[in-house]
Amino acid sequence: MAEAISVARPYAVAAFDEASKLADLKGWSAMLLAGAEAVVNPEVHALISSPRVAKSQLENLMEALCGGKLSTIESNFIKLLVENQRLDILPEIASMTSAFDLDEAQKQKISAAMKKRMGRDIRLSCKTDRELLGGIIIRAGDKVIDGSARTKLSELATALA
């Protein structure tokens, strides 16, 4: 997973920079989230992993799955991911993982804190990972905030060794 995040980082930065320049953060966010949801679908994942599927077919498929009416720059971004065989990292571009399901109050508190810290509106995409033991990991573009109990225990073990 760490490798996918490292590979995804420059793409996330580029997407954010373009979205910022165009003042279209919502549009880009929606496109990326739709693409991320699409590539985790087993049928779509099989297609993007197959060497038998032409790149032009993948581009058309992903553009349709990302909302259909993409701007030229968004379309070029998808084409770049297809060309570099990086469609599978769309979920890593921006995600948040917690050890337990978050209720609405917790989500709003995290969203407000991230808005204050990053200076822009935040749209959460949450998933649960019981292996974290407790706490939360927040990923936004190339920023990672790791407040998981698993990491804290690992740091403690290293300090005691």
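Residues numbered from 1 in each chain as written. Predicted model: local features only at pLDDT ≥ 70, side-chain atom pairs only at ≥ 80, totals over all residues. Heavy atoms only, no water.

J.: What is the right way to look at the environment of Ile 89 in this model?
T.: Structurally, Ile 89 is set in the loop between α5 (72–83) and β1 (96–98). Under the relative-accessibility criterion, Ile 89 is labelled buried at 4%. For Ile 89 and Ser 148, which are 59 residues apart along the polypeptide, the C-alpha to C-alpha distance reads 22 Å. When neighbours within four sequence positions are excluded, Ile 89 is seen to be in contact with Ala 4, Val 7, Ala 8 and Tyr 11. (Helix = DSSP H or I, 4+ residues; strand = E, 2+ residues; numbered from the N terminus. Buried < 20%, exposed > 50% of the residue type's maximum accessible area, 1.4 Å probe, protein only. Contact = heavy atoms within 4.5 Å.)

J.: I would appreciate a short explanation of the layout of surface pockets in the present structure.
T.: To find the voids left in a structure, one rolls a probe of water-molecule size over its atoms. Here the second largest pocket defines a volume of roughly 220 Å³. Taken together, 13 residues form the lining of the second largest pocket, with Ile 48, Ser 49, Ser 50, Leu 58 and Gln 85 sitting closest to its centre. Taken together, the elements giving at least two residues each to the lining of the second largest pocket come down to α3 (42–49), α4 (55–65) and α5. Residues that form the lining of the second largest pocket fall into these classes: seven nonpolar, three polar and three charged. (1 Å grid on protein atoms, 1.4 Å probe; cavity = no way out; pocket = protein on both sides within 12 Å on 5 of 7 lines; lining within 4 Å. Points joined across faces, edges and corners; volume = space filled by probe spheres on them. Nonpolar A, V, L, I, M, F, W, Y, C, P; charged D, E, K, R; others polar.)

J.: Would you take a moment to explain the pattern of salt bridges for this structure?
T.: A side chain with one charge may pair with a side chain of the opposite charge, provided their charged atoms come close. This structure, assessed with the given rule, holds two salt bridges. Among the ionic pairs, Glu 18 bridges to Lys 21, the shortest N-O distance being 3.2 Å. Of this pair, Glu 18 and Lys 21 both sit in helix α1 (residues 2–21), three residues apart, which is roughly one turn of that helix. You can call Lys 21 exposed: its relative accessible area is 65%. Salt-bridge contacts for Glu 83 lead to Lys 55; the nearest nitrogen and oxygen are separated by 3.4 Å. With Glu 83 in helix α5 and Lys 55 in helix α4, this residue pair connects regions lying 28 residues apart in the sequence. (Salt bridge = Lys/Arg side-chain N within 4 Å of Asp/Glu carboxyl O.)

J.: For this particular structure, what's the right way to read the nonpolar core?
T.: Nonpolar side chains tend to gather and get buried jointly when the protein is soluble and globular. Counting 24 residues, the largest nonpolar core has Met 31, Met 62, Phe 77, Ile 78, Leu 87 and Leu 90 as the members making the most contacts within it. Elements with a minimum of two residues in this core: α1, α2 (25–39), α3, α4 and α5. Counting residues per element, this core draws most heavily on α2, which supplies six residues. Residues contacting Met 62, with those up to four places away along its chain left out, are Gly 35, Ala 38, Val 39, Val 44, Ile 78, Leu 87 and Leu 90. The next biggest cluster of nonpolar side chains, apart from the first, holds six residues, and it includes Met 118, Ile 136, Ile 138 and Ala 140. (Core = buried A, V, L, I, M, F, W, Y, C linked by side-chain atoms within 4.5 Å.)

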